[in-house]
Amino acid sequence: MAPSRRRGTRSSQSAQPVLPPLPLPSTSTSTRKSRRRGGGGAPDDSPPPEPSQGAEDLFGAGNGSGSGTSSKALLALQINKYREYVEPGDKLTPLSSELHALILNHLSPPSHPDLKSLANYSLVSRQLLPHVRIHMYRNLKIDTRTNAHAMHRTLHGNDLNKSVKHITADVGSMAKTSSQWLGWFLFHSMHSLCGIIGSCRTLLTLTLYLPADGSAWTQSLCSSLVDLKYLNSLTKDLVKSSKSKGIEGAGSEDGMDVGWRPAKSFAMWSVSQFVKPLATLKSLQTLRLCGISSDSSTSPPQTQHNCKLIEVVLIEVNITNTDLLHLLGHATSLKKLTLWRSSLLSKRGLTHVLKRCPNLTHLRIGGSWFGAKDEDDTNFPIDVSINSLPNLRLLHVSGALVSPQIFLNPVTCLKSLLVVNCQAFSPEATNSALVKMRSEPLSVERLYLPEMESGANNGGPESWNEYWKFTIKATTDAKKILLNPPRKVRQPRGGGAGGASLEELEESSSDEDDDI
């Protein structure tokens, strides 16, 4: 009898009606179009459509039978599930591409991008991840060996390397993990760095800080620069000076800040090793180097590179006149030249170099020994080459490279002139040249003489006493020349409350080239 009861149970259960799946309600054409456009992305608050009357007739609604009552309950349960389907609790509102661009630019300023906020923003939607990656990998700052190794593995063979535009690498900080295994850590750090540079072929800016022990890796590092045909700026072992941060540039002890200072430890590159990859950097416009020397074993190539350099900064370099010409290449487009503490250069070679830069507007030079002392009083290379520099507007000189006769040259049209450690600029010679100088147009609009302010002797027979200070002050006032004017601190263009440094203002506008 037991099996019969089980068969009866199955027959009673099979007698209950089976509910068919509830079809989704059809939507009108206007509703479908609005959903495709986004419609502002706001969820529809209208109640879902009621089930059709045919569904109630299908399950015997209103016949008063028990099967109809159970069918209504199952139908109500299925309707509730349908309501949960059409009314999600959370829905992403699609934004325009302009708003996404504003949000990403706000989270990733050029100076200090907020990587944590960018990572959280990428979690909002999967569609935002490719756009966020571009901003997260645009500016890479590599200062640890672990970070360098991870970046090398991530960027190698990945299309993500096309998003990298700026790299700042401090190899000295990478190798400081262990003092006992410095060579081993330096090996792995330089290997990862060369791999990263070789992978990012669309790089625009490269800043390197190399320790003194990294000179052995010069050849490998220079070889990795060959494929960077879009590179615009290359900086090696130089730190930007800033008055607000207390970072003084080279020449500050002499009263002449060139705007950059060398790093505490820097590697020496060879000219013959660097000139070859330099010829492949067709888009390079800014070259700033600290620590490069001549190599007598291998002569540089005879052909000069075709890079259209606009700014060149060379600090603490040991190069000859020929090496300097090979670094500058065709210098017809050069506008800014800074040369500080460069040995092995002569005054005759400097004159030859300046005559090849007709479009030069900024010249900062000094801290070097240019030939024997007996020719300092008679040979002034800037006086000789000033006729070839009609666009020169800013001239800062430390040493016997210029004389007061530059005031009398009809080609001279300087907005800013600073002279320090020059015996030719004695009080009497300076006053005599200023008196003879033409009034309109002025040869010099602003004249800076740091030794006059401090009262120090520039090595000549005369000293800056009160008589000469008063006399030259009266002469410059009569000529309407600003003598040792106070340094300007203007507000930045962004409207910030803090004052911008003089070097930043000088770079932000080409018209404000009269600041020190």
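Topic: the overall build of the protein chain
So, point 1. For the protein chain, the count of helices and strands is 19 helices and 16 strands.
So, point 2. Across the protein chain, every contact between residues at least 6 apart in sequence was considered, and the portion connecting residues at least 24 apart equals 70%.

Things to note about the packing of helix 6 (residues 115-122) against helix 7 (residues 129-136)
So, point 1. It is at 9 Å that the axes of helix 6 and helix 7 come closest, and there the two elements cross at 170 degrees. Taken together, the axes of helix 6 and helix 7 are roughly antiparallel relative to one another. For the pair helix 6 and helix 7, the contacting residues are Leu115, Leu118, Ala119, Tyr121 and Ser122 in the first and Leu129, Val132, His135 and Met136 in the second.
So, point 2. Classifying every residue of the contact of helix 6 with helix 7 by side-chain character gives seven nonpolar, two polar and no charged.

Some remarks on the pairing of strand 2 (residues 166-170)
So, point 1. Only one face of strand 2 is covered, namely the face carrying Ile167 and Ala169; the face carrying His166, Thr168 and Asp170 is uncovered.
So, point 2. Relative to strand 2, strand 1 (residues 139-142) runs parallel, the two being bridged by four bridges. Bridge assignment links Lys141 to a residue of strand 2, and that residue is Thr168.
So, point 3. Examined bridge by bridge, strand 2 and strand 3 (residues 205-209) share five bridges and lie parallel to one another. Residue pairing in the sheet places Asp170 in a bridge with Tyr209 of strand 3.

Focus on the side chain of Lys347
So, point 1. Here Lys347 lies in helix 14 (residues 347-354).
So, point 2. Judged by relative accessible area, Lys347 falls into the buried class, the value being 3%.
So, point 3. Engagement of the side chain of Lys347 in a polar contact is seen with the backbone oxygen of Ala400, the distance being 3.0 Å.

Focus: the confidence of the model for the protein chain
So, point 1. When the pLDDT values of the protein chain are averaged, the result is 77; 72% of them are 70 or greater.
So, point 2. Across the protein chain, strand 4 (residues 233-236) holds the top mean pLDDT of 96, while helix 19 (residues 502-508) sits lowest at 39.
So, point 3. Under a pLDDT of 50 for its full length, residues 489-516 has, in the predicted model, 52 contacts with residues more than four places off or in other chains.

Topic: helix 13 (residues 321-328)
Given 3.6 residues to a turn, an α-helix orients residues that are three or four positions apart in the same direction.
So, point 1. The element helix 13 is largely enclosed, with a buried count of six among its eight residues.
So, point 2. Within helix 13 the residues assigned to the buried category are Asp323, Leu324, Leu325, His326, Leu327 and Leu328.
So, point 3. Buried residues along helix 13 sit in contact with helix 12 (271-278), strand 9 (292-293), strand 10 (311-318), strand 11 (336-343) and helix 14.

Describing the packing of helix 13 against helix 14
So, point 1. For the pair helix 13 and helix 14, the least separation of the axes is 10 Å and the interaxial angle reads 20 degrees. Relative to helix 14, helix 13 is oriented roughly parallel. Judged by the twist between their axes, the crossing of helix 13 over helix 14 is right-handed. On helix 14, the residues that touch Asn321, Leu324, Leu325 and Leu328 of helix 13 are Gly349, His352 and Val353.
So, point 2. Here the residues of the contact of helix 13 with helix 14 are counted per class, giving four nonpolar, three polar and no charged.

Observations regarding the nonpolar core
Nonpolar side chains in soluble globular proteins tend to be buried together.
So, point 1. Judged by nonpolar contacts, the single largest core of 92 residues is most densely connected at Phe274, Ile382 and Phe407.
So, point 2. Looking at this core, the element that brings in the most residues is helix 10 (residues 182-199), giving six residues.
So, point 3. The contact partners of Phe407, leaving out residues within four places of it in the chain, are Leu417, Phe425, Ala433, Leu434, Met437, Ser443, Val444 and Leu447.
So, point 4. One finds Met256, Val258, Trp340 and Val420 within the second-largest nonpolar core, a separate group that totals twelve residues.

With respect to a nonpolar patch on the surface
So, point 1. Residues Leu95, Leu99 and Leu102 make up a contiguous nonpolar surface patch of about 280 Å² in total accessible area.
So, point 2. Relative to the elements of secondary structure, Leu99 occurs in helix 5 (residues 97-107).
So, point 3. What makes Leu99 partly exposed here is its relative accessible area of 40%.

Here we look at the pairing of strand 13 (residues 394-398)
So, point 1. By the criterion of burial, strand 13 is predominantly enclosed, with five of the five residues buried.
So, point 2. Of the two faces of strand 13, the one lined by Leu394, His396 and Ser398 and the one lined by Leu395 and Val397 are each fully buried.
So, point 3. The sheet contact formed by strand 12 (residues 362-366) and strand 13 spans five bridges and is parallel. Bridging from a neighbouring strand, Gly366 pairs with Ser398 of strand 13.
So, point 4. As paired elements, strand 13 and strand 14 (residues 416-420) share five bridges and run parallel to each other.

Examining the pattern of salt bridges
Should the charged atoms of two oppositely charged side chains come close, the side chains can pair.
So, point 1. Scanning all chains against the criterion turns up six salt bridges.
So, point 2. Each of Glu253, Glu316 and Arg341 takes part in salt bridges that share partners, so that together they form one network.

Brief notes about the environment of Ala101
So, point 1. Its location among the elements puts Ala101 in helix 5.
So, point 2. When the C-alpha atoms of Ala101 and Val132 are compared, they prove to be 9.9 Å apart, with 31 residues separating the residues in sequence.

Focus on the side chain of His152
So, point 1. Along the polypeptide, His152 turns up in helix 8 (residues 145-155).
So, point 2. If we skip the residues at most four places from it in the chain, His152 touches His191, Ser192, Gly195 and Ile196.

Thresholds applied
- Residues numbered from 1 in each chain as written.
- Predicted model: local features only at pLDDT ≥ 70, side-chain atom pairs only at ≥ 80, totals over all residues.
- Heavy atoms only, no water.
- Helix = DSSP H or I, 4+ residues; strand = E, 2+ residues; numbered from the N terminus.
- Contact = heavy atoms within 4.5 Å.
- Axes fitted to C-alpha atoms, helices over the stretch in contact; angles between N-to-C directions.
- Parallel < 35°, antiparallel > 145°, perpendicular 65-115°, else oblique.
- Nonpolar A, V, L, I, M, F, W, Y, C, P; charged D, E, K, R; others polar.
- Buried < 20%, exposed > 50% of the residue type's maximum accessible area, 1.4 Å probe, protein only.
- Pairing = 2+ DSSP bridges.
- Polar contact = N/O pair within 3.5 Å; in protein donor to acceptor, adjacent residues only side chain to side chain.
- pLDDT = per-residue confidence, 0-100.
- Left-handed = near helix turned anticlockwise from the far one by under 90°.
- Core = buried A, V, L, I, M, F, W, Y, C linked by side-chain atoms within 4.5 Å.
- Patch = residues over 30% accessible without salt bridge, like charges linked within 9 Å, V, L, I, M, F, W, Y side chains within 5 Å.
- Areas by Shrake-Rupley, 256 points an atom, 1.4 Å probe, with all protein chains shown as cover.
- Salt bridge = Lys/Arg side-chain N within 4 Å of Asp/Glu carboxyl O.

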